Amino acid sequence: MPRTATIHRVTAETDIKLSVDLDGRGIARIQTGIGFFEHMLAQLAKHGAMDLTVEATGDLHVDYHHTVEDVGICLGLALREALGSKEGIRRYGHFTLPMEEVLVTAAVDLSGRPFFYLQADFPSEKIGEFPTELVADFWYAVAAHLPCNLHILVPYGRNSHHIAEGIFKAVARALRQAVEPDPRIGDLPSTKGVL
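Just so it is clear, the structure is predicted and the values come from calculations on it, not from any experiment.

Calculation notes
- Residues numbered from 1 in each chain as written.
- Predicted model: local features only at pLDDT ≥ 70, side-chain atom pairs only at ≥ 80, totals over all residues.
- Heavy atoms only, no water.
- Helix = DSSP H or I, 4+ residues; strand = E, 2+ residues; numbered from the N terminus.
- Buried < 20%, exposed > 50% of the residue type's maximum accessible area, 1.4 Å probe, protein only.
- Expected span 1.5 Å × (residues − 1).
- Polar contact = N/O pair within 3.5 Å; in protein donor to acceptor, adjacent residues only side chain to side chain.
- Contact = heavy atoms within 4.5 Å.
- Pairing = 2+ DSSP bridges.
- Axes fitted to C-alpha atoms, helices over the stretch in contact; angles between N-to-C directions.
- Patch = residues over 30% accessible without salt bridge, like charges linked within 9 Å, V, L, I, M, F, W, Y side chains within 5 Å.
- Areas by Shrake-Rupley, 256 points an atom, 1.4 Å probe, with all protein chains shown as cover.
- Salt bridge = Lys/Arg side-chain N within 4 Å of Asp/Glu carboxyl O.
- Right-handed = clockwise from strand over helix to strand, strands pointing away.

## Some points on unusual backbone geometry
Point 1. At the junction of leucine 146 and proline 147, the peptide bond is cis and its omega measures out at -25° in the coordinates.
Point 2. Structurally, proline 147 can be placed in the loop between α3 (133-145) and β10 (149-156).
Point 3. In this structure, arginine 91 is a non-glycine residue whose phi angle is positive, near 80°.
Point 4. Mapping arginine 91 onto the fold places it in the loop between α2 (65-83) and β5 (92-99).
Point 5. Owing to a relative accessible area of 8%, arginine 91 belongs among the buried residues under this scheme.
Point 6. Within the chain, glutamate 100 stands out as a residue other than glycine whose phi angle is a positive 55°.
Point 7. For glutamate 100, the location among the structural elements is in the loop between β5 and β6 (102-109).

Structural data, given as C-alpha cells:
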C-alpha cells in the first residue's frame, strides 16, 4: 500500500496544500514565500527520504508565524494519514547530527501521544528575515498533530543557521528511522495493541 497523504487546509490566515510520500526519494517541491523555511523543508524531504510538496500562501505581511505553524499542522496531519494503522513500523527513531560547530540530537516516538521538547539557544533572533523562535513553533505543531513524542537537544552551537538546519536534518533522520518498515514486526510495535 502506498504511504501517501494530501492535506488541504484553508483558514482566514493561510491556504496550504501539502502532500507527502513516506517511501519517496527526497524530492521537494516547496512554495511558501519564505526563503529560509523553504530551505529547511527541502532538508526535511532529502534527509527524511520522503517526497514533500508544499504550496502555501499566507498573510506574510502580518508575520511568518501563521504560515510556518500551519505548514507544521498540515505536515503532522499528512504524516499521520500516510502512516495509517502504523502496523509493521519501527515506531522509534533517533539521530545525532553534527553540522560544523553544532551538534543536534533528535528522538521521536510515533506513540500517538503528543509531547514536544526543544533545548536550543539561538544566538540571533532572526536568520535573515526568519525569526528563530518559529523553529520551535513548527516542530511543536508537527508533534501535536501527528501526534508523537519529539525531543530535540542542541547542547552547543554558534551559528543560528547551522542550529536550525541541524535540527531539521536530525529530526528528518529520526523520522526516517521511525516510519521505516520493520521486517521482523508485522503488527503494531506496542504491547497495548494501540498506537
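Having seen it, we continue.
## Some thoughts on helix α4 (residues 160-179)
Point 1. Between its terminal C-alpha atoms α4 stretches 29 Å, which fits the 28 Å expected from 20 residues at 1.5 Å a residue.
Point 2. Burial runs high along α4: 16 of the 20 residues are buried.
Point 3. The N-cap residue of α4 is asparagine 159: its side-chain oxygen and the backbone nitrogen of histidine 161 are 2.9 Å apart.

## With respect to the environment of glutamine 119
Point 1. One can find glutamine 119 in strand β7 (residues 115-119).
Point 2. The sequence separation of glutamine 119 and threonine 105 amounts to 14 residues, and the corresponding C-alpha distance is 10.0 Å.
Point 3. The residues contacting glutamine 119, other than those within four sequence positions of it, are Ile152, Leu153 and Val154.

## What about the sheet that holds strand β2 (residues 14-21)?
Point 1. Strands sit in the order β1-β2-β4-β3 across an open sheet of four strands; the sheet is mixed. A single partner strand is all that each edge strand has here, and the edge strands are β1 (4-10) and β3 (28-31). Taken pair by pair, the neighbouring strands of this sheet meet at an average axis angle of 5°, ignoring direction.
Point 2. Across eight bridges, β2 lies against strand β4 (residues 51-58) in antiparallel orientation. Each residue of the ladder has a partner; that of leucine 18, found in β4, is valine 54.

## Focus: a nonpolar patch on the surface
Point 1. The grouping of Phe115, Tyr117 and Leu153 at the surface amounts to a nonpolar patch, some 280 Å² of accessible area in total.
Point 2. With respect to the helices and strands, leucine 153 occurs in strand β10.

## Description of the pairing of β4
Point 1. Here β3 runs beside β4; their pairing, made up of four bridges, is parallel. The residue bridging arginine 29 from the neighbouring strand is threonine 53, located in β4.
Point 2. This β-α-β element, β3 to helix α1 (residues 35-48) to β4, shows left-handed connectivity.

## Some points on α2
Point 1. With 19 residues, α2 ought to run about 27 Å at 1.5 Å a step, and its terminal C-alpha atoms sit 27 Å apart, in line with that.
Point 2. Extensive coverage of α2 is indicated by the burial of 14 of its 19 residues.
Point 3. Following α2 by one or two positions, glycine 84 has its phi on the positive side, about 60°.

## Some remarks on the side chain of arginine 3
Point 1. Looking at where arginine 3 falls in the secondary structure, it is placed in the segment before β1.
Point 2. In this structure arginine 3 comes out as buried when scored by relative accessible area, which is 13%.
Point 3. If near-sequence neighbours (up to four positions away) are discounted, arginine 3 is found in contact with Val20, Asp21, Leu22, Asp23, Ala82, Leu83, Ile89, Val179 and Pro181.

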